[in-house]
Protein chains: 4
Amino acid sequence: MPSTNLCLDESCPPYSLMDDYSEGAHPQILEALLRTNSTQQVSYGGDEYSDAARELIRSKINCTASEAEIFFVPSGTSANLISIASCLRPYEAVITLESGHIACKEAGAIEATGHKLILVPPVDGKMTVTNLQKTIQQNQFYPHMAKPRLLYISNASETGTVYTKRELSNLSACCKQSNLLLMVDGARIGTALCSKKNDMTLRDIFDFSDIFWIGGTKAGALMGEAIVVKKHLAEGFVFHLKQHGALLAKGRIMGVQFMELFRDDLFFTLAEHANAMAEKISANFECLGHELAAETATNQVFVTLPESLVRRLQDRFRFYTWEQLDDGRVVIRIVTSWATDEMQVDKFNAWVAHWTAAKEF
Amino acid sequence: MPSTNLCLDESCPPYSLMDDYSEGAHPQILEALLRTNSTQQVSYGGDEYSDAARELIRSKINCTASEAEIFFVPSGTSANLISIASCLRPYEAVITLESGHIACKEAGAIEATGHKLILVPPVDGKMTVTNLQKTIQQNQFYPHMAKPRLLYISNASETGTVYTKRELSNLSACCKQSNLLLMVDGARIGTALCSKKNDMTLRDIFDFSDIFWIGGTKAGALMGEAIVVKKHLAEGFVFHLKQHGALLAKGRIMGVQFMELFRDDLFFTLAEHANAMAEKISANFECLGHELAAETATNQVFVTLPESLVRRLQDRFRFYTWEQLDDGRVVIRIVTSWATDEMQVDKFNAWVAHWTAAKEF
Amino acid sequence: MPSTNLCLDESCPPYSLMDDYSEGAHPQILEALLRTNSTQQVSYGGDEYSDAARELIRSKINCTASEAEIFFVPSGTSANLISIASCLRPYEAVITLESGHIACKEAGAIEATGHKLILVPPVDGKMTVTNLQKTIQQNQFYPHMAKPRLLYISNASETGTVYTKRELSNLSACCKQSNLLLMVDGARIGTALCSKKNDMTLRDIFDFSDIFWIGGTKAGALMGEAIVVKKHLAEGFVFHLKQHGALLAKGRIMGVQFMELFRDDLFFTLAEHANAMAEKISANFECLGHELAAETATNQVFVTLPESLVRRLQDRFRFYTWEQLDDGRVVIRIVTSWATDEMQVDKFNAWVAHWTAAKEF
Amino acid sequence: MPSTNLCLDESCPPYSLMDDYSEGAHPQILEALLRTNSTQQVSYGGDEYSDAARELIRSKINCTASEAEIFFVPSGTSANLISIASCLRPYEAVITLESGHIACKEAGAIEATGHKLILVPPVDGKMTVTNLQKTIQQNQFYPHMAKPRLLYISNASETGTVYTKRELSNLSACCKQSNLLLMVDGARIGTALCSKKNDMTLRDIFDFSDIFWIGGTKAGALMGEAIVVKKHLAEGFVFHLKQHGALLAKGRIMGVQFMELFRDDLFFTLAEHANAMAEKISANFECLGHELAAETATNQVFVTLPESLVRRLQDRFRFYTWEQLDDGRVVIRIVTSWATDEMQVDKFNAWVAHWTAAKEF
């Protein structure tokens, strides 16, 4: 039975562990918006805060303005569709995992810009060189097939795993060999870079890719993602932003937020918290003998539980049921974030322990 | 010579009268974001604030949930391209003024969704029934011509003028007769409805149109526009949002802002201020004998000035030069907003008077 | 050793069994083009030959003009992309086999119209109700996923197999239940309907689908496919033709060809010949102990052969090597057509027998 | 009263002077199709006839294979939409005359590929440097405006006028200066180059443009246009053909036709006939005191006539009424072609003379 500081009151709403965007912004970010609110700024991204944010991001990457341009957009789907549309000619296709965000969570946004997705099965949530090469080989019956031109991956992956430096380096080499661009969706790049499994720096991501983005929405911002575009792909990029409704008149609001996130490493501090909370939950599951459905490397925990235990937990916590297994068990997904309350994590773990012990589920 | 409280210091940066999005958000809105920041909410627009904002907007329109659905998007271009893409089949076209925002300020966003724009010359910045009918008639050589299916207008118009109830009613009747939908871009609908020339309510706009949107960005919000979609067009609308990157994970940030704007008519109070400031500037120009290039009905002033006077003003104020006339004079555009400082307006007027009197320009 | 009437001369070019479009048109079709050449006709499909062809096709289907409209387009890719684009709203997706022509042989033509393809693994080259239902179930996380709205299948399938009436009827019922449209790509519908495995009529195809097309290119025409569109989907269809460059000024040339194909069942006579030639080749392979890689139901033969035998055959015949197996054997594809010379088929079979017996490969 | 060899029988159908695609193909072309019909050829444009046709066209242009590639497509709209889509990045726009074929006769085909059209008023049916420069200047408010990148013109123009070498040279220079590509729609390039007003060769067209096409449909072919693409724009071009359904399996049918058209200058001979017929009609109108609405330079005659005369002529001839003037008169369009019967032209002229003299209209 969990300790008495747990909410036992039925009226207490379930605590959400559904995703990393259930709360607003980190308070420092809101304060920065307040502090800068009344100055007059050039619109559409020409403001001083956006410039400062770009400078800070470049300095974290350790690259110069002549190497990369940085653009802010309001959402991850914007970041993906704009990045991809800007890189490809009409007949060129994207190689992505079957589980890729663009393949199954963006309502056909990439296809809506005219481009085919070529799907590859994941291994540990990730693209492998073997699968990539096989796919390239199978897609060369030109001009009857669309031409693969860009590899899209996410780090952290959709199942929360991370790429190692060797893995990304090998993918990058394979892309160069086949004349493919490489793009990294960094919706959760903060937690990826703060993962215990990570051995990469932002500079590595930059070096191995042609275009990547740094997620703000899932990292403590109100909204906003920063797309880092290597110089050779940056010409005309701003037109794509405008054309897709992603060039905000008050671009300052994204500039201010990223300035705040990267001024003193808040971005990484918050990601570390999210990871730590996930690890605590994951360790508890493992310790209690529950089987993880994916390695817990970042802020997502995939665990296989008896359905009755899942139901018990749902009385007090909100999370996704990810998959119904044939043996009656259920895979659930727990997501932590910069805002996850450690007290609630402790409660969650206590309830898991309680019901597991009781075997009453 | 202007009074001594004017900034004569050369280092004082020019005050911007360029647009209505140079500042952040109205302080009440930021406070509301702070106040609601830490609650856990359902993502992607399912939060309680968005629901409340929808309810408030519907109550201002005086319509029910069964009559209209409301969706929030981050930008005006998003609002336009999503609204239009959602209404049309691939071969259907949009009728718009040559000066329409979608025709000349959105980088081809509508065409990027596949639809043709059919251009009509404006009269006082507005669409007229005569011009509309003529255009419809000239676009019936099917299937060689794209089929006109939607009339797009803006209120306030691009030159700040407003439609009267009779004008909109007549356009609406003409559309119905020709099986056209009618859409109103309301980027500046607040200042339109608060114009001294206005004789319409939000309900009128709703009645005469099939889809319209209420601009937040230019009305004191950080960002965000509310699209009001009549029920018959609402099915599947949310997919369009997602597909175009406009369905924000933290949809709450738009819900909160619109809740605040419509809770106590802040939306209209701010629009009135903007209009009043424009009127003050406009009246001063007229009083000093300068010729207005368009009627000042909302928060934009278009005035024709000698080039030398323009240059003098540019030392202390920022604004767009709109058109270079053949006689050497210049049309400039002054835009006021909810944030425009009346002290600065007074200074501006004083400098205009000073240099006009000095005839030194 | 093949009989002496075989071409043993090295300079004799290999006979093509690569596809069913290596020759021009059936002579009767060219004669019809000559016979009708000089009359003056209304352009863009309004000619009397197109009208007559539409009438003939409707009478073969046994449907009336109030049930279906018929449109002619120059190519199969045109037929597919136009049919699909005309049926779907921007966020709607197509369910297709991984091996579907639109999925892997049309250079991303469907995605270029903005629509996602959802891929399903084939069973005997065909869609099954089980796989379809599973796919529908896995694609309901709205609005994050594109909405499945149309099932695309081909009859004959890409591997030459055919749907039975029961199979198509079940797919149709499943589609209706899930609010999906059903489209049949009939590039090789002639050989399908003439297959010994077939138990359907054109009327069955019509009844079970919402839109389907009858291939002319692979059936003896110079070019041209006839799209049969049920009335509820036909409004505005002709605009799609025009917009995609498929509305030929001299539409008569497709009208005349289809008139000739359906005037006296030439369409079916030619398909029967193609099937008979394939069966002859297939039977010979089986008789000689070679393993078919797919059932031979129409005009395609997929057979697994030793690589050395394939090389021997390539000296005298042209065909696709379809797949390289791990055991060193090769799957080849043989395609016959209305134009396939039975003498050449006999030679082919003789050579296969010769080299198989010699075991010299 | 016309001479007695005129058809006075009411049952005699009116002779069409509506367009240049009311008949089939020139007999020599049909014979060539018959002659080459039974050979086996590589599909999708890889046949020997297409290769020969490309060689013939290049030799007429006087350019080498290393300077230009040539692709055949089934229709003019295909030629335009593919050429334009292949040249532009998503945010780039096309400058065209308001009367341009792509602007008002192709059902929004260009916009359907995502690109904006920027409209320019014509002078004598043509683009002028002055108007082009003004348009470029007015479309530089980036990134809010789409970026002009390609100038599209037609020669002959939509009203049948032709560009002089000086005019095209100046447009070309202006394009180069503004980093615009130049494309020539040559649906009627045959009649343009055979015009008495013409002072250009095919090589001039090639030199002054980046991409242009040679119309076959209006020049005596069954269908088909040949796109001449300068080498720097040719990479990947064939994918566009495939993706838009314009890569015919039996590409040979376009190869054979263009081979025949360019083998012995049949292309030009037929164009000369069309022009001569138009001139005869035009001269008769002028001689009888009727006012031409456009200069007759090629195979189109635009003439302003009393409405009653138009009605009389419509009893015996078919043609478009182009515009209803305010003074009650009507502009009609007469189009001649390679197939226009000189006897019918004589009849037409006789009837015009008869009714003009009778003043009974």
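Here, the structure is the one placed above.
Residues numbered from 1 in each chain as written. Chains lettered and ligands numbered in written order. Predicted model: local features only at pLDDT ≥ 70, side-chain atom pairs only at ≥ 80, totals over all residues. Heavy atoms only, no water.

Let's talk about the overall build of chain A
Looking only at helices and strands, chain A has 15 helices and 13 strands in total. Each principal axis of the C-alpha distribution contributes one length, and for chain A these read about 60 × 55 × 35 Å. For chain A, long-range pairs separated by at least 24 residues make up 73% of all intrachain contacts whose partners lie at least 6 apart in sequence. Taken as a whole, chain A presents about 12,600 Å² of accessible surface, with 49% of it coming from carbon and sulfur. Separation of charge centres in chain A, based on 34 positive and 43 negative side chains, amounts to 4 Å. (Helix = DSSP H or I, 4+ residues; strand = E, 2+ residues; numbered from the N terminus. Contact = heavy atoms within 4.5 Å. Areas by Shrake-Rupley, 256 points an atom, 1.4 Å probe, with all protein chains shown as cover. Lys, Arg positive; Asp, Glu negative; His and termini not counted. Charge placed at Lys NZ, Arg CZ, Asp CG, Glu CD.)

Some remarks on the interface of chain B and chain D
For interface size, the figure often reported is the accessible area lost on association. At the interface, 20 residues of chain B touch 20 residues of chain D. Across the chain B/chain D interface, buried area totals approximately 1,500 Å², and carbon plus sulfur atoms make up 58% of it. Applying the counting rule to chain B against chain D returns two salt bridges. Put simply, Glu111(B) and Lys116(D) hold a salt bridge, and the shortest N to O gap is 2.7 Å. Along the contact surface separating chain B from chain D lie eight residue pairs in polar contact (both at pLDDT 80 or more). Listed by contribution, the elements that provide at least two residues to the side of chain B that touches chain D are helix H4 (101–104), helix H5 (109–112) and strand S4 (117–120) of chain B. (Buried area = accessible area lost by both parts, 1.4 Å probe. Salt bridge = Lys/Arg side-chain N within 4 Å of Asp/Glu carboxyl O. Polar contact = N/O pair within 3.5 Å; in protein donor to acceptor, adjacent residues only side chain to side chain.)

Things to note about the relation of the copies chain A and chain B
Mapping between the two copies of the chain is achieved by a rotation about an axis and a shift along the axis. For the pair chain A and chain B, the relating rotation is 180°, the translation along its axis is 0.0 Å, and the fit reaches an RMSD of 0.0 Å. Taken together, these values place the two copies in the relation of a two-fold axis. A share of 100% of interface residues in chain A that are also interface residues in chain B marks the association as one of identical surfaces. (Least-squares fit on C-alpha atoms with pLDDT ≥ 70 in both.)

Comments concerning the side chain of Glu158(B)
Residue and element names in this part refer to chain B. With respect to the helices, strands and loops of the structure, Glu 158 is situated in the loop between strand S5 (147–154) and helix H7 (165–177). Lacking a salt bridge, the buried Glu 158 has Lys 105 as its closest oppositely charged neighbour, with an N-O distance of 4.5 Å. When sequence neighbours within four positions are dropped, the list of residues in contact with Glu 158 reads Ser 99, Gly 100, His 101, Gln 300 and Phe 302. (Buried < 20%, exposed > 50% of the residue type's maximum accessible area, 1.4 Å probe, protein only.)

Considering the interface of chain A and chain B
Counting residues at the interface gives 49 residues for chain A and 49 residues for chain B. Together chain A and chain B conceal approximately 3,800 Å² of surface at their shared face, both sides included; 56% is due to carbon and sulfur atoms. Its largest share of buried area at the contact with chain B, chain A owes to Gln40(A), Gln243(A) and Lys250(A), together 19% of the area lost on that side. Across the chain A-chain B interface, the total number found is zero salt bridges.

Side note on the packing of helix H2 (residues 48–61) of chain D against helix H12 (residues 252–263) of chain D
Residues and elements named next belong to chain D. Orientation of H2 relative to H12, taken along the N-to-C sense of each, is 35°, at an axis distance of 7 Å. Remark: the crossing between H2 and H12 carries left-handed chirality. On the side of H2, the interface is formed by Tyr 49, Ser 50, Ala 52, Ala 53, Leu 56, Ile 57 and Lys 60, while H12 contributes Arg 252, Gly 255, Val 256, Phe 258, Met 259, Phe 262 and Arg 263. Considered class by class, the residues forming the contact of H2 with H12 number nine nonpolar, two polar and three charged. (Axes fitted to C-alpha atoms, helices over the stretch in contact; angles between N-to-C directions. Left-handed = near helix turned anticlockwise from the far one by under 90°. Nonpolar A, V, L, I, M, F, W, Y, C, P; charged D, E, K, R; others polar.)

Side note on the sheet that holds strand S9 (residues 291–292) of chain B
Residue and element names in this part refer to chain B. Reading across the sheet, the four strands line up as S9-S10-S13-S12 and stay open at both edges, with antiparallel pairing between neighbours. Looking at which strands have only one partner, the edges of the open sheet turn out to be S9 and strand S12 (320–324). With four bridges connecting them, S12 and strand S13 (residues 330–335) associate as antiparallel partners. Paired with Gln 324 across the strands is Val 330, a residue of S13. (Pairing = 2+ DSSP bridges.)

A look at the relation of the copies chain B and chain D
After a rotation of 180° and a shift along the axis of 0.0 Å, chain B superposes on chain D with an RMSD of 0.0 Å. Most of the interface of chain B is mirrored in chain D, where 100% of its interface residues are also at the interface.

Describing the packing of aromatic side chains
For any two aromatic rings, the description comes down to two numbers: the centre-to-centre distance and the angle of the planes. Inspection of every chain in the model, using the stated rule, returns 60 aromatic pairs over all chains. Centroid distance Tyr320(A) to Trp322(A): 6.3 Å. Interplanar angle 80°. Geometry classified as edge-to-face. For Tyr320(A), a relative accessible area of 25% gives the class partly exposed. Look at Phe258(C) and Phe262(C): their rings are 6.4 Å apart centre to centre, the planes differ by 10°, and that puts the pair in the stacked class. One end of the pair is Phe258(C) and the other is Phe262(C), both in helix H12 (residues 252–263) and four residues apart, which spans about a single turn. Taken as a pair, Phe258(C) and Phe262(C) share a single burial class, namely buried. Grouping aromatic residues by their ring pairs yields a cluster made of Phe72(A), Phe258(A), Phe262(A), Phe267(A) and Phe268(A). Its guanidinium or amino end placed over the ring of Trp355(A), Arg312(A) lies 4.1 Å from that ring's centre, counting from NZ or CZ. (Phe/Tyr/Trp six-rings, centres within 6.5 Å; stacked < 30°, edge-to-face > 60°. Lys NZ or Arg CZ within 6 Å of the ring centre and 35° of its normal.)

Purely spatial values, then, with no claim about function.
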